[in-house]
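# Reading the structure
Listed below are the residues making up each chain.
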Amino acid sequence: MKKGLDNHERCSKCGHRNCKCKRNKCKDCRHYSCICKNKECSKCGQSNCQCKKHKCPVCRHRDCRCKVEQNVKVNVKIASSATGATGATGATGATGATGDTGAIGATGDTGATGATGDTGATGATGATGDTGATGATGATGEIGPTGATGATGDTGATGPTGATGTTGATGATGATGPTGATGTTGATGATGATGATGATGTTGATGATGATGATGPTGTTGATGTVSSASGYVYHTGAQTVLAGGNVTFNSTGPLTGGVAFIAPSTITVANGGEYRVLYEIEPQFAVGNTEAAYAIVLNGVVQPSTIYGQVGIPNQNFNLVGSAILIIPNGATLNLRNVGSTSDNLLTTADGVTIINASFSLFRLS
């Protein structure tokens, strides 16, 4: 409130009768309506300057000049300050390595012998010694008279049975007993294989020609006949050694028709005779000392000359031995493939990494 106003007049500044504007004067510009807030501080660059809070307490200036004097004073104080307390003793360092042992000094002279001392007091009596060894046994006295026989004691328990003794030698064979009664006749055995055909007998003398008979009437033409087919095929794989004079064995069969059959291990049978074409193949394995081979077909136990074939080779090389012929085979005949040479033959088992057929036999009926 302005000076000179009464209590009923209001202040034109704050609108109160009891004016308090004087308390709100700016501390920097000393005006009621402060314009400092619109001015930027040259120190901090802010409109609402806070630099006044950083006035030096000594010179009361924001841009304090005391720092030079303060630095001088601080330097003087530091120079004249008292010596600080002695720091704590540092930790003891590690013990150094032990030095080398010095050389041994020379031996001193032997001292003079001292005077003999007084005789000591008698010692205590020693412990009793060990007992001496036992003296030798005296001579045996004479034998006294035999005493009366004592009563017989009880029989002792039976001892365990002794081990069994070794078996005695076998006794001599007893005399042959009388012949027993004749047993009943056994069943008739199976019929044996057909024997080989005997040789053809000599032709008898031709008889006299008889008179020509009258020509009979021509008969009707019969139906055209047919030849029944017959064939067979057998073969072998795997290792086989064919001995000289031995038959080749077979372990597998192909078609068997028209009365042709196989009897293991080496025989082919023909039920229906006729004219047959036969064919065989062998794979002999030649080696040093065995470079030749010869084979043939055997009909009813007889080697057929028309079927003998051979091969001459060189060591470590193999050749395919092939034989063929046309044979007249009778009914019920047997056939074999035989090694007719003088050496045994090992048959080749593989070629080019695969198992091969090393022996085969086939036949076909022609008529």
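Everything here concerns the structure above.
Reading the values: the criteria
- Each chain has its residues counted from 1, following the order in which its sequence is written.
- Under the rules for a predicted model, residues below a pLDDT of 70 receive no local features and side-chain atom pairs below 80 are neither given nor counted, while totals for whole chains, interfaces and linings still include all residues.
- Note that the side-chain values use all heavy atoms of the structure and ignore hydrogens as well as water.
- Working definition: helices are DSSP H or I runs of at least four residues, strands are E runs of at least two. Numbering for both runs from the N terminus.
- Residue exposure (1.4 Å probe, protein chains only): buried if accessible area is under 20% of the type maximum, exposed if over 50%, otherwise partly exposed.
- When checking whether two residues touch, look at their non-hydrogen atoms; a contact exists if any pair is within 4.5 Å.
- With residues, only the protein chains shown are counted as cover, and all accessible areas are computed by Shrake-Rupley using a 1.4 Å probe.
- The pairing criterion for strands is at least two bridges between them, as found by DSSP.
- For helices, the fitted axis covers only the stretch in contact; all axes are lines through C-alpha atoms, and the angles between them, taken along N-to-C directions, range from 0 to 180 degrees.
- Think of it this way: a Phe, Tyr or Trp ring, Trp meaning its six-membered ring, pairs with another when their centres are within 6.5 Å, and the plane angle makes it stacked under 30 degrees, edge-to-face over 60, tilted otherwise.
- Think of a nonpolar core as a cluster: buried Ala, Val, Leu, Ile, Met, Phe, Trp, Tyr and Cys residues, connected wherever their side-chain atoms sit within 4.5 Å.
- Patch members must show over 30% relative accessible area and no salt bridge, and they are joined within 9 Å when carrying like charges or within 5 Å when they are nonpolar side chains of Val, Leu, Ile, Met, Phe, Trp or Tyr.
- Salt bridges are defined as contacts in which a side-chain nitrogen from Lys or Arg sits within 4 Å of a carboxyl oxygen from Asp or Glu.
- The positive count covers Lys and Arg only, the negative count covers Asp and Glu only, and His and the chain ends enter neither.
- Pairs of N or O atoms are called polar contacts if they sit within 3.5 Å, as long as, within protein, a hydrogen donor faces a hydrogen acceptor (for residues adjacent in sequence, only side-chain-to-side-chain pairs).

Below, the discussion takes up the overall build of the protein. In terms of regular secondary structure, the protein is built from one helix and 15 strands. Evaluated residue by residue, the protein yields a buried proportion of 18% over its 367 residues. Summarising the internal contacts of the protein: among those between residues at least 6 apart in sequence, 62% fall at separations of at least 24. Carbon and sulfur atoms form 52% of the exposed surface of the protein, whose accessible area is close to 28600 Å².

Strand order in the open sheet formed by five strands is β3-β1-β15-β6-β10, with antiparallel pairing between adjacent strands. Every interior strand has two partners, whereas the edge strands, β3 (252-257) and β10 (321-329), have only one. Averaged over all pairs of adjacent strands, the angle between strand axes in this sheet comes to 10 degrees, irrespective of strand direction. In the sheet, strand β1 (residues 231-237) pairs with β3 via four bridges, with the strands oriented antiparallel. Looking across to β3, one finds that Y235 is bridged to S252.

Moving on to the packing of aromatic side chains. A complete count under the given rule lists four aromatic pairs for this structure. An angle of 75 degrees between the planes, with centres 6.4 Å apart, marks the rings of F250 and F262 as edge-to-face. Of the two residues, F250 is situated in the loop between β2 (241-242) and β3 and F262 in strand β4 (residues 260-263); the sequence distance between them amounts to 12 residues. In this structure F250 comes out as buried when scored by relative accessible area, which is 4%. Taken together, a centroid distance of 6.0 Å and an interplanar angle of 45 degrees make the contact between F286 and F319 tilted. In this pair, F286 sits in the loop between β6 (274-282) and β7 (292-299) while F319 sits in the loop between β9 (309-312) and β10, placing the two residues 33 residues apart along the sequence. By relative accessible area, F319 is classed as partly exposed at 29%.

Following A264, the chain continues into P265 via a peptide bond in cis, with omega recorded as 5 degrees. Mapped onto the fold, P265 is located in the loop between β4 and β5 (267-270). Positive phi values are uncommon outside glycine, yet D352 reaches one of about 55 degrees. Within the secondary structure, D352 sits in the loop between β13 (350-351) and β14 (354-355).

Turning our attention to the nonpolar core. Membership of the largest hydrophobic core comes to 28 residues, with the highest contact counts inside it found for I282, Y295, I329, L335, L337, F361 and L363. When contributions to this core are tallied by element, the ones reaching two or more residues are β5, β6, β7, β10, β11 (333-339) and β15 (357-365). If we ignore the near neighbours within four places in the chain, the residues touching L363 are A230, S231, G232, V260, I268, V270, Y276, R277, V278, I329 and L335.

Among the surface-exposed residues, V303, I308 and V340 lie close enough to one another that they form a single nonpolar patch of about 200 Å² accessible area. Mapped onto the elements of the fold, V340 is located in the loop between β11 and β12 (345-346). Look at V340 and you get partly exposed, because its relative accessible area is 32%.

To continue, consider the side chain of E283. Its place among the elements puts E283 in the loop between β6 and β7. R277 is the oppositely charged side chain nearest to the buried, salt-bridge-free E283, at an N-O distance of 16 Å. The contacts of E283, once residues within four sequence positions are left out, are F319, N320, N346, L347, L348, I357 and N358.

A separate point is the environment of Y295. By the element assignment, Y295 lies in strand β7. Of the residues examined, Y295 reaches a relative accessible area of 0% and is grouped as buried. Residues Y295 and N247, 48 residues apart in the sequence, show an inter-C-alpha distance of 9.4 Å.

For N358, the position within the fold is in strand β15. Looking at N358, the relative accessible area reads 1%, which means it is buried. Within the structure, N358 has its side chain in polar contact with the side chain of H236 (distance 3.0 Å). The contact partners of N358, leaving out residues within four places of it in the chain, are H236, T237, G238, E281, I282, E283, L347, L348 and T349.

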